[in-house]
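Survey of secondary and tertiary structure
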Amino acid sequence: MTRLNKYLSESGFCSRREADKLIEQGRVTVNGVVPEIGTKVGDTDRICVDGQPVVQSTEKRIYLAFHKPVGIECTTNTAVKNNIVDYLNYPERIFPIGRLDKASEGLLLMTNDGDIVNKILRARNNHEKEYIVTVNKPITDRFIQRMGNGVPILDTVTRKCKVEPISRYIFRITLTQGLNRQIRRMCDYLDYEVTALKRIRIINIQLDIPVGKYRDLTKKELQQLDQLIAPSSKTEEASDLKGEPISESKSTPKPNPTENKNKFRIVTHFKGKPKS
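Residues numbered from 1 in each chain as written. Predicted model: local features only at pLDDT ≥ 70, side-chain atom pairs only at ≥ 80, totals over all residues. Heavy atoms only, no water.

**Describing the packing of aromatic side chains**
Per the counting criterion, the structure on display carries four aromatic pairs. Taking 5.4 Å as the distance between ring centres and 75° as the angle between the ring planes, the aromatic pair formed by F143 and F171 counts as edge-to-face. A residue pair is termed long-range when its members are at least 10 positions apart, and F143 in helix α5 (residues 141–149) and F171 in strand β13 (residues 170–175) qualify at 28 residues. A single burial state applies to F143 and to F171, both of which are buried. Ring centres of F143 and Y192 lie 4.2 Å apart, and the angle between their planes is 40°; on these two criteria the pair is classed as tilted. With a gap of 49 residues between them, F143 in helix α5 and Y192 in the loop between α6 (182–189) and β14 (194–202) connect regions that are remote in the sequence. Through pairs of rings, three or more aromatic residues link up here, namely F143, F171 and Y192. (Phe/Tyr/Trp six-rings, centres within 6.5 Å; stacked < 30°, edge-to-face > 60°. Helix = DSSP H or I, 4+ residues; strand = E, 2+ residues; numbered from the N terminus. Buried < 20%, exposed > 50% of the residue type's maximum accessible area, 1.4 Å probe, protein only.)

Here you go:
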């Protein structure tokens, strides 16, 4: 038996986080009945979302690096204007790992592997995300110091992070957590306004493609990523049904880099075409 949210993620339908939302909204049924969070299902159960059956995917896993433009919403809800699904127009169902707000641009990972999402997103896993930020007035040493030491936002204090000036109005920041609009809120607290924000790295994946384009992750990137996220807590270990933290396993083995060498599709040319 498998938890319903895991079933939906492994089917390639959505991430576990999105699956929980769908279940809470009553949009998922198991054998015609609206289930509770935590329900377990088996191979003989009929799972539907919005009345449409969901089956386990037999397709190869897809892992894309996408340079999101400003103005695109990181949602799979096609009722939302300028949503990422319609923009990419990818031939298979994929969804973003995390998000960038509408006013930001930069690296976004897309996949049909819902099981990888929480391993990358959980803040406790200390996975780095690097940004280049432009603000509306000259950067001071005090600003850099305060940003790096932590800023009180959203009823907490942000984790210490790497911050370095690039020019009079531009700085680089590397975060290991992902609070809602974190960089913008941090700057706002210090009386600065973000005028441009670009994410240039997620863990070992670098932004190296033009705005609006996407590419498959390379075999080398995927092998490195597998090794780097191997110690991460799995979704069900990371949070229980109430969203309370649970201790991470300290004995998670590292994967064999050659184990899934034929698992991923690899391309070396850019795909996708920006829409006007």
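So, next bit.
**A word on the nonpolar core**
If you look at the biggest cluster of nonpolar residues, it comprises 35 residues, and the most contacted ones within it are V133, F143, M147, F171, I173 and C187. Elements that contribute at least two residues to this core include exactly β6 (63–68), α3 (84–88), β8 (105–111), β9 (129–135), α5, β13, α6 and β14. If we skip the residues at most four places from it in the chain, V133 touches Y169, I170, F171, I173, I183, V194, A196 and L197. Formed by 20 residues, the second largest nonpolar core is a distinct cluster that contains I97, I203, I205 and L225. (Core = buried A, V, L, I, M, F, W, Y, C linked by side-chain atoms within 4.5 Å. Contact = heavy atoms within 4.5 Å.)

**Regarding the sheet that holds strand β5 (residues 52–53)**
Taken in spatial order, the three strands of this open sheet run β2-β4-β5, and their pairing is antiparallel. At either end of the open sheet lies a strand with only one pairing partner, and these are β2 (28–30) and β5. Note that β2 and strand β4 (residues 47–49) share three bridges and pair antiparallel. Bridge pairing in β4 places V30 opposite I47. (Pairing = 2+ DSSP bridges.)

**Remarks on α5**
Here α5 has its buried residues at F143, I144, M147 and G148. Summarising the axial view, the buried residues of α5 lie within an arc of 125°, below the 170-degree limit, and thus occupy one face. Exposed residues pointing more than 90 degrees away from the buried face of α5 are listed as D141 and R142. Check the buried side of α5 and you find it contacts β12 (162–165), β13 and α6. Trailing α5 by a residue or two, G150 shows a phi angle of about 115°, which is positive. (Arc of directions from axis to C-beta.)

**Points about the pairing of β8**
Among the seven residues that make up β8, seven are buried, leaving the element largely enclosed by the rest of the structure. The sheet contact formed by β6 and β8 spans six bridges and is antiparallel. Paired with F66 across the strands is L108, a residue of β8. In terms of strand pairing, strand β7 (residues 95–97) meets β8 through three bridges, oriented antiparallel. Within β8, the residue paired with P96 across the bridge is M110. Relative to β14, β8 is paired through two bridges, and the arrangement is parallel.

**Things to note about unusual backbone geometry**
Here N89, not a glycine, exhibits a phi torsion of approximately 50°, which is positive. Mapping N89 onto the fold places it in the loop between α3 and β7. A residue is classified by how much of its surface remains accessible, and N89, at 59% relative accessible area, is exposed. One non-glycine residue with positive phi stands out, namely I203, at about 55°. Along the chain, I203 falls in the loop between β14 and β15 (205–206). Relative accessible area serves as the criterion here: at 10%, I203 is assigned to the buried category.

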